[in-house]
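# Results of the structural survey
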Amino acid sequence: MPVLTQEEKKAQFEEFFKIAHPLNVNVLPLATNTPCDFSEFEAQMPYAFKLAGQFSGIDGGLLRSLKLASQDSEALVAFLEAQSQKIDWMLSYILEQQDDPEYRHNTVNFGGGGMVIDHNAPFEVGTLAEIKLFVPSEHSAVYTHGEVITCEAKEDRYHIGFLFSHIRESDQELLVKATLHLQTQQLRARHKVNANE
């Protein structure tokens, strides 16, 4: 894996759209600042996050296929969507158990390439961390490793930018989808406010 310059890391961080939205996130600095390889990263991933990743792609494609297959399958599709929603809620509950209050912070913004958190102390640029990002709008959570690429003082707080150095493709897609859903909600809310003025 090629070593990126600080400017290349910042450019990679900016490649993805980010949305200003608070999410609970656990950030635990790693004991070493030597990055692991991707297979080691996957081996360290808690089982609940592996399970979430396996579930996320299963029913979406199947439900689309059924919807296209026949108009007669509407009742079956409705039933399967209800079952899928129950599984989403249960999985969301299981993932919430991974949220450790000792390491909990809030995001200032997040996207598919990284996030900025609000913190009471500075982090040194280059610090590697284990990250658990909880995304209730998608009934899911993402496990990733990140690297601090920025640390800005904001009054008596710090905004710390993390580039996701190791993230599964499916988890990156989930974060991109979440940013788009949240942006749509914000636009609808703004439109509703403007319509009422």
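Above this text is the structure in question.
All of the points below concern the structure found in this document. (Residues numbered from 1 in each chain as written. Predicted model: local features only at pLDDT ≥ 70, side-chain atom pairs only at ≥ 80, totals over all residues. Heavy atoms only, no water.)

## A word on the pairing of strand S4 (residues 114–119)
- Within S4, 5 of the 6 residues are buried, which leaves it mostly tucked inside the rest of the structure.
- Bridge analysis of strand S3 (residues 104–111) against S4 gives 4 bridges, and the strand direction is antiparallel. Across the sheet, the residue bridging to Thr-107 is Ile-117, located in S4.
- Where S3 hands over to S4, the hairpin turn is made up of 2 residues, counted between the paired strands.
- Here S4 runs beside strand S7 (residues 157–166); their pairing, made up of 6 bridges, is antiparallel. (Buried < 20%, exposed > 50% of the residue type's maximum accessible area, 1.4 Å probe, protein only. Helix = DSSP H or I, 4+ residues; strand = E, 2+ residues; numbered from the N terminus. Pairing = 2+ DSSP bridges.)

## Here's the deal with the pairing of strand S2 (residues 24–29)
- Relative to S3, S2 is paired through 3 bridges, and the arrangement is antiparallel. Residue pairing in the sheet places Val-25 in a bridge with His-105 of S3.
- The sheet contact formed by S2 and strand S5 (residues 128–135) spans 5 bridges and is antiparallel. For Val-25, the partnering residue across the bridge sits in S5 and is Leu-133.

## Examining the environment of Asp-88
- Along the polypeptide, Asp-88 turns up in helix H5 (residues 74–96).
- A relative accessible area of 28% places Asp-88 in the partly exposed class.
- A sequence separation of 50 residues divides Asp-88 from Glu-138, and the C-alpha atoms of the two residues are 8.4 Å apart.

## Some words on helix H6 (residues 169–196)
- Between the first and last C-alpha of H6 there are 41 Å, a value that for 28 residues agrees with the 40 Å anticipated at 1.5 Å per step.
- Here H6 has its buried residues at Asp-171, Leu-174, Leu-175, Ala-178, Thr-179 and Leu-182.
- Next to the buried residues of H6 lie strand S1 (18–20), S3, S5, strand S6 (140–154) and S7. (Expected span 1.5 Å × (residues − 1). Contact = heavy atoms within 4.5 Å.)

## Focus: the packing of aromatic side chains
- Applying the stated criterion to the full structure yields 5 aromatic pairs.
- Arranged with centres 5.2 Å apart and planes meeting at 50°, the rings of Phe-38 and Phe-41 form a pair that is tilted. Of this pair, Phe-38 and Phe-41 both sit in helix H2 (residues 38–44), 3 residues apart, which is roughly one turn of that helix.
- What makes Phe-41 buried here is its relative accessible area of 0%.
- Ring centres 5.9 Å apart and planes at 50° place the aromatic pair Phe-49 and Tyr-143 in the tilted group. You can see Phe-49 sitting in helix H3 (residues 47–56) and its partner Tyr-143 sitting in strand S6, a full 94 residues away along the chain. (Phe/Tyr/Trp six-rings, centres within 6.5 Å; stacked < 30°, edge-to-face > 60°.)

## Re the nonpolar core
- Residues Val-27, Phe-110, Met-115, Leu-133, Phe-162 and Leu-175 are the most contacted members of the largest nonpolar core, which totals 22 residues.
- The residues contacting Phe-162, other than those within four sequence positions of it, are Phe-13, Val-27, Gly-113, Gly-114, Met-115, Ile-117, Phe-123, Ala-129, Ile-131, Gly-146, Glu-147 and Val-148.
- In terms of nonpolar packing, the next biggest core, distinct from the first, is built from 12 residues, Cys-36, Ala-48, Ala-52 and Ala-141 among them. (Core = buried A, V, L, I, M, F, W, Y, C linked by side-chain atoms within 4.5 Å.)

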